[in-house]
Amino acid sequence: MAVVAISGGPGAPGATTTALALLLAWPLAEGRRVVLLECDPDGGAVLAGALEGRLDAGYGLRHLAVADRRGRLAETLWEQLVDLSRDGTGNRLLLPGLTDPAQAPGLAYTWEPLVAACHDLDAAGCDVIVDLGRNGAHGASAPLARGADAVLVTVRTTLRGLSAARPRVAALAADLDANGTGSDALGLILVHEGPYAAAEVGKALGAPVLGLLPHEPRSARVLSDGGDSGDRRFVRSALMRAVRSTADEVRLLTGRRRLRLGTASTAAAAPVAPQAAPFPQPEPYQPQPQPDQYQPHPEGQPAAQPQYPYQPEPQPQPAPLAGFAPRQPVPQPFAPPTPGGPSGPGQEMEPRWRTDTGPDPRQAPTPTGGAR
């Protein structure tokens, strides 16, 4: 019953981390789903971050540009979703973002059709969260923010964070009034890192505060860099408890706005869009087992070789570069001559001294008198 866009700003305020936390904590009624679309034009971060590379990078936003030209945007969107639910039920889905920012210009004509696809997902029984990253709320991807029921801006309560957020919030409010559904869609999610209170920040930026997240780097690192999101300590952390309260506030805001605008969702009577195959799911997180403790072996028997849990896979050899001939063998460095050995090319011959004409000049004369 909601399409929620999340934007950030300079200084890494945590837009993607907040969006992923909302995906995991979003309350779901029976038969409903929640979908996170990673639409940051600067590139996605979930595949290499929270998923730790455990999923093939063949899924993602970049496939929608070609599908839109062929008129298959809606079908391809369902095919590119990845299941992040713990039980594999497919009720918490992710569309991975771009793997290269250079792919963003190819989506210039896809952002507006993607807005319509988001509302189609809403009609099919899905709540939609759109991660716009730092710059996605402006420029070519701005229609995603203009067509959302709520636009959330993540801000750190530090002087640097507030200074960076003030002009962006003002520009976003003006754009929503001119081209969207109104600046009352704006809301703030604060990361309580600095000394400023939530009421003071909301008054200074001119937008209501919908969530106040504690500054917990250890819990946030599970969402940004990977870890076990099913661990009890993470699920019950202060960060996830605050995210669940934030999700309730966001749902209240979207519900009030839809009643005011007369766009209340009829998703209760709409069937869920079918999918051709089960959603792919990344491999579950498994901690690396520790090697067994040393056990002394009986005398007279060889010691057992240690068994390591990880066996490195052989790396593929790179193909030879086209147009390059193989290198010639590198000549060996010149070896210095060995004393008394045979002389070779380039080596100096040891002089032969005649012994029948006098003493060998290489031997020092022995003094005839005095102390030695």
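Note that this is a predicted model, so its numbers are computed, not measured.

Turning next to the overall build of the chain. Of regular secondary structure, the chain possesses 10 helices and 8 strands. Going through the 372 residues of the chain one by one, you find that 38% of them count as buried. The contacts of the chain with a sequence gap of at least 6 include a subset with a gap of at least 24, amounting to 72%. Counting every atom, the chain has about 22500 Å² of accessible surface; 55% of that belongs to carbon and sulfur.

Time to look at the pairing of strand β5 (residues 126–133). With 8 of 8 residues buried, β5 is to be regarded as a mostly interior element. Two strands pair when backbone bridges link them, and strand β1 (residues 3–7) and β5 are joined in this way by 5 bridges, in the parallel orientation. Each bridged residue has a counterpart across the sheet, and for Val-3 the counterpart in β5 is Val-128.

Relative to the helices and strands, Thr-18 is located in helix α1 (residues 15–25). Leave out the neighbours within four places in its chain, and Thr-18 touches Thr-154, Ile-189 and Leu-213.

Before going further, it helps to spend a moment on unusual backbone geometry. The backbone of Ala-12 sits at a positive phi, close to 50°, despite the residue not being glycine. Here Ala-12 is to be found in the loop between β1 and α1. Unlike most non-glycine residues, Glu-52 shows phi in positive territory, near 55°. Tracing the chain through its elements places Glu-52 in the loop between β2 (33–38) and α2 (63–69). Residue Glu-52 is classed as partly exposed on the basis of its relative accessible area of 38%.

Turning to the nonpolar core, a few remarks are in order. Ranked by size, the top nonpolar core spans 48 residues in total, and within it Leu-37, Cys-39, Leu-61, Leu-81, Val-130, Leu-186 and Leu-188 carry the most contacts. With residues near it in sequence (within four places) discarded, Leu-81 still touches Val-35, Leu-37, Leu-93, Leu-94, Leu-95, Phe-279 and Pro-280. Leu-23, Ala-25, Ala-150 and Leu-210 belong to the second largest nonpolar core, which has 37 residues in total.

Next up on the list: the packing of helix α6 (residues 159–179) against helix α7 (residues 198–205). Running from N to C, α6 and α7 cross one another at 40°; their axes reach a closest spacing of 10 Å. As summarised for this structure, α6 and α7 are arranged oblique, according to the angle between their axes. Residues Leu-162, Ala-165, Arg-166 and Val-169 of α6 touch α7, and the partners they reach there are Val-201, Ala-204 and Leu-205. The residue makeup of the contact of α6 with α7, split by class, is 6 nonpolar, no polar and 1 charged.

For the coordinates displayed, the defined rule picks out 0 disulfides. Sulfur of Cys-118: no disulfide; nearest cysteine sulfur belongs to Cys-39 and is 6.5 Å away.

This next bit is on the confidence of the model for the chain. When pLDDT is averaged across the chain, the result is 80; 71% of the residues are at 70 or more. Here α2 stands out as the element of the chain with the lowest mean pLDDT, 91, in contrast to strand β8 (residues 209–214), whose mean of 97 is the highest. Considering only residues more than four positions removed or in separate chains, one finds that residues 308–312, a stretch of pLDDT under 50, has 1 contact.

Here we take up the packing of α1 against helix α10 (residues 238–261). The interhelical angle for the contact between α1 and α10, taken along N-to-C directions, is 80°, at an axis separation of 9 Å. By the angle between their axes, α1 is roughly perpendicular relative to α10. For the pair α1 and α10, contact is made by Ala-21, Leu-22, Leu-24 and Ala-25 and by Met-240, Val-243, Arg-244 and Ala-247, respectively. The class makeup of the residues in the contact of α1 with α10 is 7 nonpolar, no polar and 1 charged.

Time to look at the pattern of salt bridges. For the structure shown, the criterion picks out 12 salt bridges. Linking Arg-258 and Asp-149 is a salt bridge whose minimum nitrogen-to-oxygen distance equals 2.6 Å. Of the two residues, Arg-258 sits in helix α10 while Asp-149 sits in the loop between α5 (142–146) and β6 (150–156), which places them 109 residues apart along the sequence. For the pair shown, Arg-258 and Asp-149 are each scored as buried. Connected through salt bridges with shared partners, the residues Arg-32, Asp-127 and Arg-251 form a single ionic network.

The next point concerns the side chain of Arg-92. Of note, Arg-92 is situated in strand β4 (residues 92–95). Buried charged residue Arg-92 carries no salt bridge. Nearest counter-charge: Asp-87, at 7.2 Å. A polar atom in the side chain of Arg-92 sits 3.0 Å from the backbone oxygen of Trp-26. If we skip the residues at most four places from it in the chain, Arg-92 touches Leu-23, Leu-24, Ala-25, Trp-26, Leu-28, Val-34, Val-82, Asp-83, Leu-84 and Ser-85.

Of all 11 residues in α1, 8 are buried; the element is thus mostly enclosed. Restricting attention to buried positions, one finds in α1 the residues Ala-15, Thr-18, Ala-19, Leu-20, Ala-21, Leu-22, Leu-23 and Ala-25.

The rules behind the values
- Residues numbered from 1 in each chain as written.
- Predicted model: local features only at pLDDT ≥ 70, side-chain atom pairs only at ≥ 80, totals over all residues.
- Heavy atoms only, no water.
- Helix = DSSP H or I, 4+ residues; strand = E, 2+ residues; numbered from the N terminus.
- Buried < 20%, exposed > 50% of the residue type's maximum accessible area, 1.4 Å probe, protein only.
- Contact = heavy atoms within 4.5 Å.
- Areas by Shrake-Rupley, 256 points an atom, 1.4 Å probe, with all protein chains shown as cover.
- Pairing = 2+ DSSP bridges.
- Core = buried A, V, L, I, M, F, W, Y, C linked by side-chain atoms within 4.5 Å.
- Axes fitted to C-alpha atoms, helices over the stretch in contact; angles between N-to-C directions.
- Parallel < 35°, antiparallel > 145°, perpendicular 65-115°, else oblique.
- Nonpolar A, V, L, I, M, F, W, Y, C, P; charged D, E, K, R; others polar.
- Disulfide = S-S within 2.5 Å.
- pLDDT = per-residue confidence, 0-100.
- Salt bridge = Lys/Arg side-chain N within 4 Å of Asp/Glu carboxyl O.
- Lys, Arg positive; Asp, Glu negative; His and termini not counted.
- Polar contact = N/O pair within 3.5 Å; in protein donor to acceptor, adjacent residues only side chain to side chain.

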